[in-house]
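# Structure assessment
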Amino acid sequence: MNWLKSALLMVDVQNDFCPGGSLAVPDGNAVVEPLNILSKRFFDAGALVVVTQDWHPSGHSSFVESGGIWPEHCVQGTEGARLYKELNTDCVHFFLRKGWRTNVDSYSSFFENDKITTTGLEGFLRSGTGIGSVFVGGLATDYCVLYTLLDAVRLGFKAFLLKDAVRGVDYPTGSVEKALKRMQDAGVQLIPSGTLL
Ligand SMILES: [Zn+2]
């Protein structure tokens, strides 16, 4: 493994996606422990560590009140949008906020859902000596983690799902299983985080 060409992406570990939040992922805060261990491991080895945040304006198009499918969540500047307090961000190099345009949602960390508007992450990863492999954990397996990994493969990165460092919404029921299959079919490798320690 070439650490200098590897990046850890910690996706949307925010209060609203953790227990007690407005769009809580079952057992969502369970991703924190493996991610805290991994982010230090990646940082110490000279790899990049990236955190993403869902960061919506109020009245965002993904909210039920605006005709979307999700309850209001991760509204800019609110407690719900903050990173989960137990997530250690001391080893993070790059904080990325996505979904901040009212009329476009953003599941992927690389592109808005229009598949054209970039978040800037790809350029960041390719700058300097260039990242070749991305390792993804966080929330939720069947949405932001899924689309981030599918785009990573599409962009030519080697893509890894950290199996024990993700949790899913499973809405509609069965979507986690489908997401795992889609990722594997696309060429994402599913690995336990322990193999990196
Ligand atoms: Zn959202």
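The rules we used
- Residues numbered from 1 in each chain as written.
- Predicted model: local features only at pLDDT ≥ 70, side-chain atom pairs only at ≥ 80, totals over all residues.
- Heavy atoms only, no water.
- Helix = DSSP H or I, 4+ residues; strand = E, 2+ residues; numbered from the N terminus.
- Rg over C-alpha atoms; globule rule 2.2 N^0.38 Å.
- Buried < 20%, exposed > 50% of the residue type's maximum accessible area, 1.4 Å probe, protein only.
- Contact = heavy atoms within 4.5 Å.
- Areas by Shrake-Rupley, 256 points an atom, 1.4 Å probe, with all protein chains shown as cover.
- Lys, Arg positive; Asp, Glu negative; His and termini not counted.
- Charge placed at Lys NZ, Arg CZ, Asp CG, Glu CD.
- Expected span 1.5 Å × (residues − 1).
- Arc of directions from axis to C-beta.
- 1 Å grid on protein atoms, 1.4 Å probe; cavity = no way out; pocket = protein on both sides within 12 Å on 5 of 7 lines; lining within 4 Å.
- Points joined across faces, edges and corners; volume = space filled by probe spheres on them.
- Pairing = 2+ DSSP bridges.
- Axes fitted to C-alpha atoms, helices over the stretch in contact; angles between N-to-C directions.
- Phe/Tyr/Trp six-rings, centres within 6.5 Å; stacked < 30°, edge-to-face > 60°.
- Lys NZ or Arg CZ within 6 Å of the ring centre and 35° of its normal.

## Focus: the overall build of the protein
When helices and strands are counted, the protein shows four helices and six strands. Along the protein, helices and strands appear, N-terminal first, in the series β-α-β-β-α-β-α-β-α-β. Taking 197 residues into account, the globule formula puts the C-alpha radius of gyration at 16 Å, and the protein, at 15 Å, falls close to it. Every one of the 197 residues in the protein was classed for burial, and the buried ones make up 51%. For the protein, restricting intrachain contacts to residue pairs at least 6 apart in sequence, the fraction spanning at least 24 positions comes to 73%. With an accessible surface of roughly 8,700 Å², the protein has 53% of that area assigned to carbon and sulfur atoms. Charged side chains in the protein number 17 positive and 21 negative. The centres of these two groups are separated by 8 Å.

## What about helix α1 (residues 32-45)?
Its 14 residues place the ends of α1 20 Å apart at the C-alpha level, agreeing with the 20 Å of an ideal helix rising 1.5 Å per residue. Those residues of α1 that sit buried are Val32, Pro34, Leu35, Leu38, Ser39 and Phe42. Projection of α1 onto a plane perpendicular to its axis shows the buried side chains occupying an angular sector of 150°, all on one side. Exposed residues lying more than 90 degrees from the buried face of α1 are Glu33 and Asp44. Close packing links the buried residues of α1 with β1 (6-11), β2 (48-54), β4 (133-139) and β5 (158-167). Looking one or two places after α1, you find Gly46, whose phi comes out positive at around 90°.

## Observations concerning empty space enclosed by the protein
Overall, the coordinates contain one cavity of 30 Å³ or more when judged by the stated rule. The space that makes up the largest cavity amounts to roughly 130 Å³. Lining the largest cavity are 13 residues, with Phe17, Leu23, Tyr107, Tyr143 and Cys144 positioned closest to its centre.

## A short note on the sheet that holds β2
The strand order β3-β2-β1-β4-β5-β6 describes an open sheet built from six strands, whose pairing is parallel. At either end of the open sheet lies a strand with only one pairing partner, and these are β3 (94-98) and β6 (189-191). The mean inter-strand angle of the sheet, taken between neighbouring strand axes irrespective of direction, is 25°. Sheet analysis places β2 next to β3, joined by five bridges and oriented parallel. Each bridged residue has a counterpart across the sheet, and for Thr52 the counterpart in β3 is Leu96.

## Focus on the packing of aromatic side chains
Inspection of the entire model under this criterion finds nine aromatic pairs. Aromatic side chains Trp70 and Tyr171 sit 5.8 Å apart centroid to centroid with 65° between the ring planes, which places their arrangement in the edge-to-face category. Of this pair, Trp70 sits in the loop between β2 and β3 while Tyr171 sits in the loop between β5 and α4 (175-186), and the two are 101 residues apart along the sequence. The partly exposed category is assigned to Tyr171, whose relative accessible area is 45%. Between Phe110 and Phe157, the ring centres sit 5.8 Å apart and the planes meet at 25°, which makes this aromatic pair stacked. Here Phe110 is found in the loop between β3 and α2 (121-126), whereas its partner Phe157 is found in the loop between α3 (141-154) and β5, with 47 residues between them in sequence. This pair shows no difference in class: Phe110 is buried, exactly as Phe157 is. Cluster of aromatic residues (ring-pair linked, three or more members): Trp70, Tyr107, Tyr143, Tyr147 and Tyr171. The cationic tip of Lys85 hangs over the ring face of Tyr84; the distance from NZ or CZ to the ring centre is 5.2 Å.

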